[in-house]
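Structural description and commentary
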Amino acid sequence: MKKLLICIMITLMFSGAAMAQRGLNCFSVFRGKLIPSNQMIVTEARGASMSTYKLDYYHSVQFHGGEDVVMKVAELILADAADAQSSETEMTGDLLTYALIQPTPFARVRRYLCYQARPAGPGWMITLIYLEGSATLDDLYSMFEKQ
């Protein structure tokens, strides 16, 4: 019975993070709907290891894609930026190459979406990061340097 309770608690913990991302247009990218999960580098972290950064949850995906993929992801990111509390974007020609988006808080938790697309061989390397916690934009700027 105790093991069942622990399994249920762990499931609820992970579903909470998924629920927070669910309101975003780019949710499908994190869930492997655009690029299969086995073709992405996926990193998730939560708990005490993240508290140093004033974060509760970190979820990143990184993958290689052609121009059609980078355009589709950029379209989703720009839609999230349009609905966001604040956003900073950078274009190279007609292509979105950088974004730092602050969607509206979810249950009073600050949320951030970071995006970067850079040329890599015959395509693009795309990095998408979702963050939750009490960190402010200034905290994020001090943690990450825009490349």
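The shown structure was predicted, so the numbers you read here are calculated from the model rather than taken from an experiment.

Looking along a regular strand, one sees side chains alternate from face to face of the sheet. With 8 of its 11 residues buried, strand β2 (residues 55-65) lies for the most part within the structure. By the bridge criterion, 6 bridges tie strand β1 (residues 41-46) to β2 in an arrangement that is antiparallel. Its bridge partner being in β2, Arg46 is matched across the sheet by Tyr57. Bridge analysis of β2 against strand β6 (residues 123-133) gives 10 bridges, and the strand direction is antiparallel. Pairing of Phe63 across the sheet is with Ile126, part of β6.

On to the packing of aromatic side chains. Under the defined criterion, the tally for this structure stands at 2 aromatic pairs. Between Phe30 and Tyr130, the aromatic rings sit 6.5 Å apart at their centres with planes inclined by 75°, giving edge-to-face as the arrangement. In this pair, Phe30 is assigned in helix α2 (residues 27-30) and Tyr130 in strand β6, connecting sequence segments 100 residues apart. Tyr130 shares its class with Phe30; the two are buried. What links up through ring pairs into an aromatic cluster is the set Phe30, Tyr57 and Tyr130.

If you check the backbone angles, Lys54 has positive phi at about 60° while not being a glycine. Given the relative accessible area of 42%, Lys54 is considered partly exposed. Despite not being glycine, Arg108 has its phi angle at roughly 65°, a positive value. Relative to the assigned elements, Arg108 resides in the loop between β4 (95-102) and β5 (110-120).

Below, the discussion takes up the sheet that holds β1. Strand order in this open sheet of 6 strands is β1-β2-β6-β5-β4-β3, and the pairing throughout is antiparallel. Both edges of this open sheet fall to β1 and β3 (86-92), since each of them pairs with a single strand only. This sheet shows a mean twist of 10° between the axes of neighbouring strands, independent of strand direction. Pairing of β4 with β5, which is carried by 4 bridges, proceeds in the antiparallel orientation. Of the residues in β5, the one forming a bridge with Leu100 is Cys114. Each of β2, β3, β4, β5 and β6 is contacted by helix α4 (residues 67-82), which is oriented at about 30° to β4, the strand it contacts most.

About the criteria used
Residues numbered from 1 in each chain as written. Predicted model: local features only at pLDDT ≥ 70, side-chain atom pairs only at ≥ 80, totals over all residues. Heavy atoms only, no water. Buried < 20%, exposed > 50% of the residue type's maximum accessible area, 1.4 Å probe, protein only. Helix = DSSP H or I, 4+ residues; strand = E, 2+ residues; numbered from the N terminus. Pairing = 2+ DSSP bridges. Phe/Tyr/Trp six-rings, centres within 6.5 Å; stacked < 30°, edge-to-face > 60°. Axes fitted to C-alpha atoms, helices over the stretch in contact; angles between N-to-C directions. Contact = heavy atoms within 4.5 Å.

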